[in-house]
Amino acid sequence: KRLVGQTESEKFLIQQAARFAHYALGVYDIYPGALMATGWMDGGLKGLFHPFADDSTSSVLSLSNSFRMAELGLHDALIAFASFRNDILATPYAIIVDELENVVVVSIRGTASIEDLVTDLQLSPVSMERVKQVCNFDVPVEYFSHRGML
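These numbers come from a predicted model, not from an experiment.

Criteria and thresholds
- Residues numbered from 1 in each chain as written.
- Predicted model: local features only at pLDDT ≥ 70, side-chain atom pairs only at ≥ 80, totals over all residues.
- Heavy atoms only, no water.
- Helix = DSSP H or I, 4+ residues; strand = E, 2+ residues; numbered from the N terminus.
- Buried < 20%, exposed > 50% of the residue type's maximum accessible area, 1.4 Å probe, protein only.
- Contact = heavy atoms within 4.5 Å.
- Areas by Shrake-Rupley, 256 points an atom, 1.4 Å probe, with all protein chains shown as cover.
- Polar contact = N/O pair within 3.5 Å; in protein donor to acceptor, adjacent residues only side chain to side chain.
- Axes fitted to C-alpha atoms, helices over the stretch in contact; angles between N-to-C directions.
- Parallel < 35°, antiparallel > 145°, perpendicular 65-115°, else oblique.
- Nonpolar A, V, L, I, M, F, W, Y, C, P; charged D, E, K, R; others polar.

Caption draft 1: Focus on the overall build of the chain. A count of helices and strands for the chain gives four helices and nine strands. Taken from the N to the C terminus, the helices and strands of the chain come in the order α-α-β-β-β-β-β-β-β-α-β-α-β. A total of 150 residues make up the chain; the buried ones form 29% of that total. A separation of at least 24 residues holds for 41% of the contacts in the chain among residues at least 6 apart in sequence. With the model as given, the accessible surface of the chain reaches about 9,800 Å², and the carbon-plus-sulfur share is 59%.

Here's what the structure looks like:
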């Protein structure tokens, strides 16, 4: 069945796809470029964006310095964290808060370089046991992940 936007449900799905497609494409070069232009990213285009700042009145971290995405056409979204490091052991990604949809979006960049291709070719599965230990994440031991994504 083709999605042609004739029903309200189809129109809604097309609108959602367009909104979330921006997040998927932005992690390639739009977000790193915008963060570099503002001087908010450590380490150049392969850097890290971490807006968390200590709140002097409490020990809670805040998103007070998050990069609002209004200049990119998304008035109700902000980048909460991003890493654009790209090598065999690291894949660029961004964590975005969409306030209009009330969701958190994790956008992971796909294959864009020779390093990415090498990562993609590491097809051996890796146990999620380390994620369970490091992140205190309750994942069954029998779960596995692609080595390049873990």
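Caption draft 2: Focus on the side chain of N86. As for its position among the elements, N86 is in the loop between β5 (77–83) and β6 (93–98). By relative accessible area, N86 is classed as buried at 12%. Here the side chain of N86 touches R109 through a polar contact of 3.2 Å, side chain to side chain. With sequence-adjacent residues up to four places away left out, N86 is seen in contact with K46, P92, R109, S113, E115 and D116.

Caption draft 3: Structural view of the packing of helix α1 (residues 8–26) against helix α2 (residues 30–38). Where α1 contacts α2, the two axes come as close as 7 Å, and the packing angle between them is 70 degrees. Comparing the axis directions of α1 and α2 gives the class roughly perpendicular. Judged by residue contacts, H22, Y23 and G26 of α1 engage I30, Y31 and P32 from α2. Partitioning the contact of α1 with α2 into residue classes produces four nonpolar, two polar and no charged.

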